[in-house]
Amino acid sequence: MSEPKAPTPAPGDTYKGWLFKWTNYIKGYQRRWFVLSNGLLSYYRTQSEMGHTCRGTINLATANIAVEDSCNFVISNGGTQTYHLKASSEVERQRWITALELAKAKAFRMQAESDDSGDDSTSPSASQGAGSRNSEVQSTLRTLGSKVEDLSTCNDLIAKHGSALQRSLSELEGIRLGGETSEKIRQVTERATLFRITSNAMINACRDFLALAQAHSKRWQKALQAEREQRVRLEETLEQLAKQHNHLERAFRGATVLPASQSNPAIDSKGSVPGKGDVSDEDEENEFFDACEDVQEFITVPADPKYHRRSGSNVSGISSELGMDDGTTSLDEQSLASNPESPQSQEVVPVRKRRTRIPDKPNYSLNLWSIMKNCIGKELSKIPMPVNFNEPLSMLQRLSEDLEYYELLDRGAKCQSSLEQMCYVAAFTVSSYSTTVHRTGKPFNPLLGETFELDRVQESGYRSLCEQVSHHPPAAAHHAISERGWTLRQEIALASKFRGKYLSIMPLGSIHCVFEKSNNHYTWKKVTTTVHNIIVGKLWIDQSGEIDVVNHKTGDRCHLKFAPYSYFSRDVARKVTGVVTDKDGKAHYVLSGTWDEKMECSRVMESSRGGENGADGRQKTVYQTLKAKELWRKTPLPEGAEDMYYFSTLALTLNEPEEGVAPTDSRRRPDQRLMEQGRWEEANAEKQRLEEKQRTVRRERDREANRSTNPAEEGKEPANGALIEDSISDSPLKSGHQDNYKPMWFERQIDPMTGDPTHIYRGGYWEAKEQGNWDSCPDIF
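Scoring rules and cut-offs
- Residues numbered from 1 in each chain as written.
- Predicted model: local features only at pLDDT ≥ 70, side-chain atom pairs only at ≥ 80, totals over all residues.
- Heavy atoms only, no water.
- Helix = DSSP H or I, 4+ residues; strand = E, 2+ residues; numbered from the N terminus.
- Buried < 20%, exposed > 50% of the residue type's maximum accessible area, 1.4 Å probe, protein only.
- Areas by Shrake-Rupley, 256 points an atom, 1.4 Å probe, with all protein chains shown as cover.
- Salt bridge = Lys/Arg side-chain N within 4 Å of Asp/Glu carboxyl O.
- Pairing = 2+ DSSP bridges.
- Core = buried A, V, L, I, M, F, W, Y, C linked by side-chain atoms within 4.5 Å.
- Contact = heavy atoms within 4.5 Å.
- Expected span 1.5 Å × (residues − 1).
- Polar contact = N/O pair within 3.5 Å; in protein donor to acceptor, adjacent residues only side chain to side chain.
- Phe/Tyr/Trp six-rings, centres within 6.5 Å; stacked < 30°, edge-to-face > 60°.
- Lys NZ or Arg CZ within 6 Å of the ring centre and 35° of its normal.
- Axes fitted to C-alpha atoms, helices over the stretch in contact; angles between N-to-C directions.
- pLDDT = per-residue confidence, 0-100.
- Disulfide = S-S within 2.5 Å.

**What to know about the overall build of the protein**
Per the secondary structure count, the protein includes 17 helices and 27 strands. By the burial criterion, 48% of the 781 residues in the protein qualify as buried. Accessible surface, the protein as shown: approximately 39,500 Å² in total, 51% of it carbon and sulfur.

In structure tokens, the structure reads:
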């Protein structure tokens, strides 16, 4: 196999050529195209790949170069990357070694000179490559140091002679005029002369120092500026190469590639597999992991540049969806600017100032195992929990926190395209989990009939109402309506199991979102929440599962996948991916991000079957996409959130006392209020009182129901609490209610979209609030 003749490398030149790279023990050495540029050694399968696919890159600034024999040599950066290379001849090997050593010396010098950390420890090989510039700098520093020492010596002499002169003058004033007057005058003259000579020497030294500093000042400034610019260029190059390498590495392993800003830095820090080659080499097709990863169903790659030059009017038949055509218009600007009723154009109205702090969480210790050891396998609502494990919010308030990022629905209401609107709805679906990442506290179980209103019409244009419509099993209904043109409703029932090591919470029920302008009706369900390390270790929360967001009017669909956390996974933690398709199954957008940070979307230009086979043996779809655009980003937590149960800005205001709310509102719950104030012992006692009161009311309601259905059994108690315990594991959405309770503000109907029984808001709450008429509300507190 003939090799192209490469010129002898010169300092700073880019050096290219063919080398043989060790891949694995099955394939051995494989021919690869290597490129050395800017202190980085990259390789490709062919020369044609240089424009789009880099197979690997190693930074020579921290690399070791070792010669094995006449044709073989090794490049390693300390363990994470090792290239075993072989040249076609000894001459060719020597050319590469010379080029690599020159590039390494230059890269190390640039890194050392641009390092702001002040770390001056260098290796012997790096010291040799410092070059003439370091010698010049050291020489200049020695000259300046000598001048400083001269100034210091002159300063000491001036102080010494000045003191002597002062003493002589004092003595001259104290003597009588006579014979010794002339002697004293002579001494003063001599000392004044010495002082003058020393002062002149100091002035001359200062003049030399100043002249030298001025001569070098401009050159140093130019050199420093040049080094800074070169450092920026180098960092940008390294970042670009790292992004490209990471992107392709994940693509070839069948994983959906997230935007590079979300790549996991821990991936590069993991050790490589022992032996020749490195763990990131694409040639190792038969790769083994410690545990099986959850392989993605598709691969995304950058779209052909031709699509970036085309206008939005002729790309995929969708007019300027999400502003993806030229990469210049942001999503918010695109959607809001097209609507003359944008909130920015409205007059700003002063709003109520909400609280920004709650009392800090007390530090009370409690033995969890003593409480939980007898509860393994039981349903969560049947476990008696002290408030020590709670947070001072009820489940109804946590449900209202789904509206934390209501702006996504506001933007969706302004969209002209249903596919664009689907992207915002999907991002809203993911955003509702961002508040759970640090919230390991358990919310209070709502009492039957408990309500919670969230009136944010003045600030945000929406208001919502939640009511606990069932207690066994627990279920809550939620209805929210916005002046910006959308309605959200849901009924969520929790099925939960404690497994000893972790706690699984499975929300049951559907969430509906209807947009008034387009009449698009979206539905989706929630994923499973898992709380890990219940007994030992630090609690942490994970979300896992799949969500299908369906537009029942158009047939559009978005399939979201929440990847469960795995210690062995190479993907970013808490990853979410999704694809937006139309009714015909054609993909239009790819969504990617994490449920605790942000979501982005990329327009699909082309899709094809290809890539590696999936776990089921089918080929995965490859999507060519434009540059990703950010849909949603999590708002940072307020200062001191770690001492306030990790509440968000909205969560801090949910339990704030408010006038005019219903007597059944969660803000009026005494045990929850006592816990917020740090009075946990009183809160536990009050919680026990409320639960016993609820059980008493429940028994009375069951007796009434029994008398009405079976008069002959009047006065008899249900055997062993049969009504209470029957069908605990079933959802009230399908099995029927076991509470014999009729909600105040919601009524049970058959959902026309899903066909399941659910509770829908019947109206009347806000009218009752305006009139202050709460006579029909039950006494639950």
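**Some points on the pattern of salt bridges**
Per the counting criterion, the structure on display carries 34 salt bridges. Residue Glu-691 is joined to Lys-687 by a salt bridge in which the shortest nitrogen-to-oxygen separation is 2.7 Å. Linking Glu-691 with Lys-687, this pair stays in helix H14 (residues 680–709), spanning four residues, or about one helical turn. Across the pair Arg-699 and Glu-692 runs a salt bridge, and its minimum N-O distance is 3.5 Å. Under the relative-accessibility criterion, Arg-699 is labelled partly exposed at 31%. Since its relative accessible area comes to 36%, Glu-692 is described here as partly exposed.

**A few points about the pairing of strand S22 (residues 587–594)**
Remember that side chains alternate between the two faces of the sheet whenever the strand is regular. Counting buried residues along S22, eight of its eight residues qualify, which places the element largely inside the surrounding structure. The pairing of strand S21 (residues 575–581) with S22 spans seven bridges and is classified as antiparallel. Paired with Thr-581 across the two strands is Ala-587, which belongs to S22. Linking S21 to S22, which pair antiparallel, is a turn of five residues; within it Gly-585 sits at a positive phi near 85°.

**A word on the nonpolar core**
The tendency in soluble globular proteins is for nonpolar side chains to be buried as a group. By size, the foremost hydrophobic cluster in this structure holds 64 residues, and its most contacted members are Trp-486, Leu-488, Trp-524, Val-549, Leu-560, Phe-562 and Leu-591. If you tally residues by element for this core, the top one is helix H10 (residues 418–431), at nine residues. Excluding residues within four positions of it along the chain, Val-549 makes contact with Met-422, Val-425, Thr-429, Tyr-522, Thr-523, Trp-524, Asp-556, Arg-557, Cys-558 and Leu-560.

**Examining the environment of Gln-458**
Looking at the secondary structure, you find Gln-458 in helix H11 (residues 457–460). Residues Gln-458 and Arg-352, spaced 106 residues apart in sequence, show a C-alpha to C-alpha distance of 8.3 Å.

**Some thoughts on H10**
Working note: α-helix, 3.6 residues per turn, so residues spaced by three or four point in the same direction. The end-to-end C-alpha distance of H10, which contains 14 residues, comes to 20 Å, matching closely the 20 Å that a straight helix rising 1.5 Å per residue would cover. Among the 14 residues in H10, 14 count as buried, and that is most of the element. The opening residue of H10 is Ser-417, an N-cap whose side-chain oxygen sits 3.2 Å from the backbone nitrogen of Leu-419.

**Quick look at the packing of aromatic side chains**
Counted according to the given criterion, the structure contains 18 aromatic pairs. Seen in terms of ring centroids, Trp-745 and Trp-774 are 6.3 Å apart; in terms of plane orientation they differ by 90°. Their pairing is edge-to-face. Of the two residues, Trp-745 sits in the loop between helix H16 (732–735) and strand S26 (746–750) while Trp-774 sits in the segment after helix H17 (765–771), which places them 29 residues apart along the sequence. Judged by relative accessible area, Trp-745 falls into the buried class, the value being 6%. Grouped by ring-pair contacts, the aromatic residues Trp-745, Tyr-765, Trp-766 and Trp-774 constitute a single cluster. Over the face of the ring belonging to Tyr-433 we find Lys-526, whose NZ or CZ atom lies 5.4 Å from the ring centre. Positioned above the aromatic ring of Trp-595 is the side chain of Arg-574, whose terminal nitrogen or guanidinium carbon lies 5.8 Å from the ring centre.

**Quick notes on unusual backbone geometry**
Positive phi values are uncommon outside glycine, yet Asn-38 reaches one of about 55°. Within the fold, Asn-38 resides in the loop between strand S2 (28–37) and strand S3 (40–44).

**Here we look at the sheet that holds strand S7 (residues 82–86)**
Taken together, seven strands build an open sheet; the order of strands is S4-S3-S2-S1-S7-S6-S5 and the sheet is antiparallel. Looking at the sheet topology across the chains shown, the edges are occupied by strand S4 (56–59) and strand S5 (64–67). With strand direction ignored, the average angle separating the axes of adjacent strands in the sheet is 35°. For strand S6 (residues 72–76) and S7, the ladder comprises five bridges, and the chain directions are antiparallel. Pairing of Asn-72 across the sheet is with Lys-86, part of S7.

**Some remarks on the pairing of S26**
Bridge count between S26 and strand S27 (residues 757–761): five bridges; the pairing is antiparallel. Pairing of Ile-750 across the sheet is with Pro-757, part of S27. Turn length for the S26-S27 hairpin, with the two strands adjacent in sequence and antiparallel, is six residues, and the turn residue Gly-755 shows positive phi of about 80°.

**A look at the confidence of the model for the protein**
Mean pLDDT for the protein: 77, with 73% of residues reaching 70 or above. Low pLDDT (under 50) marks residues 1–12, which in the prediction has 19 contacts with non-local residues, meaning those over four places away or in another chain. Scored below 50 in pLDDT, residues 309–321 shows 20 contacts in the model against residues more than four places distant or in partner chains.

**Here's the deal with the side chain of Gln-490**
Looking at the secondary structure, you find Gln-490 in strand S14 (residues 486–498). A residue is classified by how much of its surface remains accessible, and Gln-490, at 3% relative accessible area, is buried. At 3.4 Å, the side chain of Gln-490 forms a polar contact with the side chain of Asp-402. If near-sequence neighbours (up to four positions away) are discounted, Gln-490 is found in contact with Leu-399, Asp-402, Ala-476, Ala-477, His-478, Ser-510, Ile-511 and Lys-526.

**Comments concerning the state of the cysteines**
The tally for this structure, following the rule as stated, stands at zero disulfides. The structure places no disulfide on Cys-558, whose sulfur is separated from the nearest cysteine sulfur, that of Cys-423, by 7.0 Å. The class of Cys-558 is buried, set by a relative accessible area of 0%. With no disulfide of its own, Cys-601 lies closest to Cys-423 among cysteine sulfurs, the gap being 4.3 Å.

**Observations concerning the environment of Ser-464**
The residue Ser-464 is located in strand S12 (residues 462–471) in this model. Judged by its relative accessible area of 0%, Ser-464 falls in the buried class. On a C-alpha basis, the gap between Ser-464 and His-479 in space is 5.5 Å, while along the polypeptide they are 15 residues apart. When sequence neighbours within four positions are dropped, the list of residues in contact with Ser-464 reads Ser-400, Leu-403, Phe-452, Glu-453, Leu-454, His-478, His-479, Ala-480 and Trp-766. Only 3.4 Å separates the side chain of Ser-464 from the side chain of His-478, close enough to count as a polar contact.

**Quick notes on the environment of Asn-390**
By the element assignment, Asn-390 lies in strand S9 (residues 390–394). Asn-390 gets classed as buried once you look at its relative accessible area, which sits at 2%. Considering only alpha carbons, one finds Asn-390 and Lys-442, 52 residues apart in sequence, at a separation of 4.3 Å. What Asn-390 contacts, discounting residues up to four positions off in sequence, is Gly-441, Lys-442, Pro-443, Phe-444, Tyr-645, Met-675 and Lys-687.

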